[in-house]
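As a plain string of letters, each chain reads:
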Amino acid sequence: TFTKGQLEWRLLGASDSDWANDKDNRKSIMAFILFLNGIPILWQSKQASIVALSTAETEYIALSELAKEILFVVQILHSLVISVQTPITVHVDNMAAIFMAENASSNQRTRHIDVKHRFLVDLTTEGFLDVVFTNLANNPSDGLSKNVSKEVYECHTPKFMADKSIVD
């Protein structure tokens, strides 16, 4: 879409994790994908550097990693005089992680990750990010964090491919 002489583009993200599935070190696999106008431009799947104490914690950390990449991409787009629609929607399949991202309250269970990832609360309360719940079947980052069924694979794989007519 063109807006007031500038391009205005839409970012959409999704993050997921596979909690403590590595039996040797119990570190989680965290993954995310970022779409720009429906085309995947950035994705990552990697083992966490720390052992997470819960599935909510590892989902929250994956969301935090995605948020840092979103900020980087937005800075690049702004330097190219391209505005980005906000809030930027981010899909997560864990309600506790969404709650942590949207609420400033801290407790004993999350204090150890609070400082490093607290900027998520700022991004959501300022209206920059809109973290929404999505079920497993609709989360395109699910296939990047774990083995998935054939049905889930076939559902999400087309989302990772750009239509060749768009880039020609």
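Residues numbered from 1 in each chain as written. Predicted model: local features only at pLDDT ≥ 70, side-chain atom pairs only at ≥ 80, totals over all residues. Heavy atoms only, no water.

## Topic: the overall build of the protein
Scanning the protein from terminus to terminus reveals seven helices and eight strands. For the protein, the proportion of its 168 residues judged to be buried stands at 42%. Taking the intrachain contacts of the protein between residues at least 6 apart in sequence as the baseline, contacts between residues at least 24 apart amount to 67%. (Helix = DSSP H or I, 4+ residues; strand = E, 2+ residues; numbered from the N terminus. Buried < 20%, exposed > 50% of the residue type's maximum accessible area, 1.4 Å probe, protein only. Contact = heavy atoms within 4.5 Å.)

## Some remarks on the pattern of salt bridges
For the structure on display, the rule yields one salt bridge. Residue Glu65 pairs with Lys68 through a salt bridge whose shortest N-O separation is 3.0 Å. Note that Glu65 and Lys68 are positioned in helix H1 (residues 55-79) at a spacing of three residues, about one turn of the helix. Glu65 gets classed as buried once you look at its relative accessible area, which sits at 14%. (Salt bridge = Lys/Arg side-chain N within 4 Å of Asp/Glu carboxyl O.)

## Some points on the packing of H1 against helix H2 (residues 95-102)
Where H1 meets H2, the axes come as close as 8 Å, and the angle between the chain directions of the two elements is 55°. Taken together, the axes of H1 and H2 lie oblique to each other. The interaxial crossing formed by H1 with H2 has right-handed handedness. Contact with H1, carried on its side by Ala56, Glu57, Glu59, Tyr60 and Leu63, involves Ala96, Ala97, Met100 and Ala101 of H2 and no other residues of that element. Class assignment of the residues belonging to the contact of H1 with H2 gives a composition of seven nonpolar, no polar and two charged. (Axes fitted to C-alpha atoms, helices over the stretch in contact; angles between N-to-C directions. Parallel < 35°, antiparallel > 145°, perpendicular 65-115°, else oblique. Left-handed = near helix turned anticlockwise from the far one by under 90°. Nonpolar A, V, L, I, M, F, W, Y, C, P; charged D, E, K, R; others polar.)

## Quick notes on the nonpolar core
Counting residues in each nonpolar core, the largest one holds 28 residues, and the members touching the most others are Leu11, Ile70, Ile88 and Leu129. With nine residues, H1 is the largest single contributor of residues to this core. Apart from residues no more than four positions distant in its own chain, Leu11 is found in contact with Leu34, Phe35, Leu36, Ile41, Ile70, Val73, Val74, Val84, Ile88 and Thr89. (Core = buried A, V, L, I, M, F, W, Y, C linked by side-chain atoms within 4.5 Å.)

## What about the pairing of strand S5 (residues 39-47)?
Sheet analysis places strand S4 (residues 29-36) next to S5, joined by eight bridges and oriented antiparallel. Residue Ile29 lies in a different strand from S5, and its bridge partner there is Gln47. Hairpin connection of S4 to S5: two residues between the antiparallel strands, including Asn37 at a positive phi of 50°. (Pairing = 2+ DSSP bridges.)

## Focus: H2
Buried within H2 we find Ala97, Ile98, Met100 and Ala101. Projected down its long axis, H2 carries its buried residues within an arc of 160°, all on one side. Where H2 is buried, its residues contact H1, strand S7 (88-92), helix H4 (119-125) and strand S8 (129-133). Of the residues flanking the start of H2, the one acting as N-cap is Asn94, its side-chain oxygen 3.1 Å from the backbone nitrogen of Ala96. (Arc of directions from axis to C-beta. Polar contact = N/O pair within 3.5 Å; in protein donor to acceptor, adjacent residues only side chain to side chain.)

## Structural notes on the confidence of the model for the protein
Here the protein averages 79 in pLDDT, while 73% of its residues score no lower than 70. Contacts from residues 164-168, a stretch scored under 50 in pLDDT, to residues over four places away or in other chains number one contact. (pLDDT = per-residue confidence, 0-100.)

## Side note on the sheet that holds S8
One open sheet accounts for five strands, arranged S5-S4-S3-S7-S8; its pairing is mixed. Lying at the two open borders of the sheet, with one neighbouring strand each, are S5 and S8. Taken pair by pair, the neighbouring strands of this sheet meet at an average axis angle of 20°, ignoring direction. Bridge count for strand S3 (residues 11-18) against S7 is three bridges, and the pairing is parallel. Bridge pairing in S7 links Leu12 to Thr89. Here H2 sits on the sheet and contacts S7 and S8; the angle it forms with S8, its principal contact strand, is near 160°.

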